[in-house]
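# A structural walkthrough
Chain by chain, the residues:
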Amino acid sequence: MEKIIDESQQGKTLVLEQKSENTRKLFIESYGCAMNFSDSEIVAAILFKEGYNTTQTLEEADLVLVNTCSIRDKAEQTVRKRLEKYNAVKRINPKMKVGVLGCMAERLKSKLLEEEKIVDLVVGPDAYKDLPNLLSEVEDGREAINVLLSKDETYGDISPVRLNTNGVSAYVSITRGCDNMCTFCVVPFTRGRERSRDPQSILEEVNDLWNKGYKEITLLGQNVDSYLWYGGGLKKDFEKASEIQKATAVNFAKLLELCAKAQPKMRIRFSTSNPQDLTLDVIETMAKYNNICDHIHLPVQSGSNRILKAMNRLHTREEYFELIDNIRRILPNCAISQDMIAGFPTETEADHQDTLSLMEYVKYNFGYMFTYSERPGTLAERKMEDDVPEAVKKRRLDDIVQLQRQHSEIRTKAYLNTTVEVLIERESKKSDAEWSGRTSQNIVAVFPKEHYNIGDLVNVKVTDCTSATLIGEAIGYAVN
Ligand code: SF4
């Protein structure tokens, strides 16, 4: 659940370079977090080898795949609606096969085949390499399902095909699963126990991306700070590892350093961090390398110790403040962003006030804020009553959003009349005469195009701003 859901990306269809020998057509659309979008690239790479070219036209597809998210009921309802749409198209094109991938596949398993008659194929997040076998089952007229979670699958050996990207920034998956068991979260059930990917294969991917012209990567995982490679296997089994495996293990700080050194001109980001796992050595590594961006997405979910405990977040509000103080001390220019849940079971007005006062203390640069949505199968659903009325949840969320807006404005205004480094990513949505890019702190900046190009790292003098966007003019290339 600790993942950024980019609303503008929801339902996006992947488009690949076409291979003339490929005769079949794949329509694949994705919902949910960055992890799902990264997985869809892996799926596309597997099916490309199986003779599939991608299409954006649903009506001409031989195979339709939807990569799903279970984070909120609304996300699942959206997918159910899409299935209805596919069903209508299937009436015109009865040979078309439909598969459900991702978290909803893992959560509902064979129930999906029973409930949604249109679905031919159900594949969980650890079983994508089995797709060719499953597809031949489907072609033989059988329904196919593989929702087995794996101890060691990290897809380290599949080079994802980069799709729909701007050619500037890419995701690199480094861990899968999560061991934290936050009580509101489906991830431990849909994505299994935590395992890390071989650093060698991560570095190869990073180098390859640089050679292809990418300028920025985001190391991706449900809980990146928990990364630990000791030769493969589950994180929880590290205790049983041999002495030599323990001595040569690579943790997240070390991995960050390896990436920063491998490509010193490449910007490195990471997401998502869990406060209980973010250690000082990670912050110190960030300070040591210029190319590691000054931004930490550090979800806290609530400011109340009682609610943090009920959520099974393994830190207190005081420990969180200590972490924030350390970040501010070691990385004074670092932006910090949040995820917040309003109306978790049993949340009182006093708990809510604790959340607001925690926000006052941190003054986050930006955040992702939601009302609590009970997810079937989670510990909270089994053990707690969803007892905060919807109207109260909404009002508390409004308070949180309002306060965040004020803080974003304060933080953004602080950049006025300063010069920031911006990596140009795309044309501005508002004007084709302007570029849009992000600063190291992950703040969007727009400025006149002049002679600059996508992928350039430029110094921008900030002359104006909105609450979330910097406005300025480029004054030359940045040195990095
Ligand atoms: S840290 Fe908690 S919220 Fe984040 S993925 Fe793991 S269980 Fe879910």
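Every value quoted in this text rests on a predicted model; they were computed, and no experiment measured them.

What counts as what
Residues numbered from 1 in each chain as written. Predicted model: local features only at pLDDT ≥ 70, side-chain atom pairs only at ≥ 80, totals over all residues. UniProt positions renumbered as here; feature names shortened; annotations may be inferred. Helix = DSSP H or I, 4+ residues; strand = E, 2+ residues; numbered from the N terminus. Pairing = 2+ DSSP bridges. Axes fitted to C-alpha atoms, helices over the stretch in contact; angles between N-to-C directions. Domains from an automatic or database assignment. Nonpolar A, V, L, I, M, F, W, Y, C, P; charged D, E, K, R; others polar. Buried ≥ 20, exposed ≤ 12 C-beta atoms within 10 Å, placed from the backbone. Arc of directions from axis to C-beta. Contact = placed C-beta atoms within 7 Å. Core = buried A, V, L, I, M, F, W, Y, C linked by C-beta atoms within 7 Å. Parallel < 35°, antiparallel > 145°, perpendicular 65-115°, else oblique. Left-handed = near helix turned anticlockwise from the far one by under 90°.

### What to know about the UniProt feature "domain: TRAM" (unreviewed entry) in the protein chain
Sequence positions flagged by UniProt for "domain: TRAM" (unreviewed entry) are, in local numbering, residues 413-476. In residues 413-476, the share of helix is 2% and the share of strand is 58%. The end C-alpha atoms are 22 Å apart.

### Topic: the pairing of strand β18 (residues 419-427)
The side chains of a regular strand alternate, residue by residue, between the two faces of the sheet. The sheet contact formed by β18 and strand β21 (residues 457-465) spans five bridges and is antiparallel. Each bridged residue has a counterpart across the sheet, and for Val-422 the counterpart in β21 is Val-458. As defined by bridge partners, β18 adjoins strand β19 (residues 434-439) across five bridges and the pair is classed as antiparallel. Looking at β19, one finds that Glu-427 is bridged to Trp-435.

### Digging into the sheet that holds β18
The mixed closed barrel is built from five strands, whose spatial order is β18-β19-β20-β22-β21. Ignoring strand direction, the axes of neighbouring strands in this sheet form an average angle of 55 degrees. In this structure, strand β20 (residues 444-448) lies alongside strand β22 (residues 469-477), joined through three bridges in parallel fashion. Bridging from a neighbouring strand, Val-446 pairs with Ile-471 of β22.

### Let's talk about the domain arrangement of the protein chain
When cut into domains, the protein chain gives domain 1 (7-146), domain 2 (169-413) and domain 3 (419-477). Computed from C-alpha coordinates alone, the two centres of domain 1 and domain 2 are separated by 29 Å. Sorting the residues of the side of domain 1 that touches domain 2 by element identifies α1 (34-48) and α3 (103-108) as the ones contributing at least two each. Looking at the side of domain 1 that touches domain 2, its residues break down into four nonpolar, two polar and five charged.

### Describing helix α5 (residues 131-139)
Within α5 the residues assigned to the buried category are Leu-131, Leu-134 and Leu-135. For α5, the angular spread of the buried residues around the axis is 100 degrees, confining them to a single face. Set apart from the buried face of α5 by more than 90 degrees, the exposed residues are Asn-133 and Ser-136. On its buried face, α5 sits against α1, β6 (121-123) and β7 (144-146). Gly-141 sits one or two positions beyond α5 and adopts a positive phi of about 90 degrees.

### Description of the sheet that holds strand β11 (residues 216-220)
Strand order in this open sheet of three strands is β8-β11-β14, and the pairing throughout is parallel. Single-partner strands in this sheet number two, and they are β8 (169-173) and β14 (267-271). Taking the axes of each pair of neighbouring strands and ignoring which way they run, one obtains an average angle of 25 degrees across the sheet. Sheet topology places β11 next to β14; five bridges connect them, and they run parallel. Paired with Leu-220 across the bridge in β14 is Ser-271.

### Quick notes on the UniProt feature "binding site: [4Fe-4S] cluster 1" (unreviewed entry) in the protein chain
Under the present numbering, the feature "binding site: [4Fe-4S] cluster 1" (unreviewed entry) in UniProt falls on Cys-33, Cys-69 and Cys-103. Of the residues just listed, which span 71 residues, no C-alpha pair is farther apart than 10.5 Å, and they cluster in one region. Note on placement: Cys-69 falls in the loop between β4 (63-68) and α2 (73-92). Excluding its chain neighbours within four sequence positions, the residues that come into contact with Cys-69 are Tyr-31, Gly-32, Cys-33, Asn-36, Ala-75, Gly-102, Cys-103 and Met-104. Assignment of secondary structure puts Cys-103 in helix α3.

### Focus: the pairing of β4
Where burial is concerned, most of β4 is hidden: six out of the six residues are buried. Burial along β4 is two-sided: Leu-63, Leu-65 and Asn-67 and Val-64, Val-66 and Thr-68, pointing in opposite directions, are all buried. Across six bridges, the pairing between β4 and strand β5 (residues 97-102) is parallel. In the strand pairing of β5, Leu-65 is matched with Gly-99.

### Some words on the nonpolar core
Nonpolar side chains in soluble globular proteins tend to be buried together. Val-64, Val-123, Val-172, Ile-217, Leu-219, Ile-268 and Ile-336 are the most contacted members of the largest nonpolar core, which has 121 residues in total. Looking at this core, the element that brings in the most residues is α1, giving six residues. Here Leu-219 is in contact with Val-172, Ile-174, Val-224, Cys-259, Ile-268 and Phe-270, once residues within four sequence places are set aside.

### Observations regarding the packing of helix α7 (residues 199-211) against helix α9 (residues 252-262)
Two elements in contact, α7 and α9, have axes whose closest approach is 10 Å; the angle formed by their N-to-C orientations is 30 degrees. Judged by the angle between their axes, α7 and α9 are roughly parallel. Helix-helix and strand crossings are classified by hand; for α7 and α9 the assignment is right-handed. Residues Pro-199, Ile-202, Leu-203, Val-206 and Asn-207 of α7 touch α9, and the partners they reach there are Leu-255, Leu-258, Cys-259 and Ala-262. Taken together, the residues of the contact of α7 with α9 break down into eight nonpolar, one polar and no charged.

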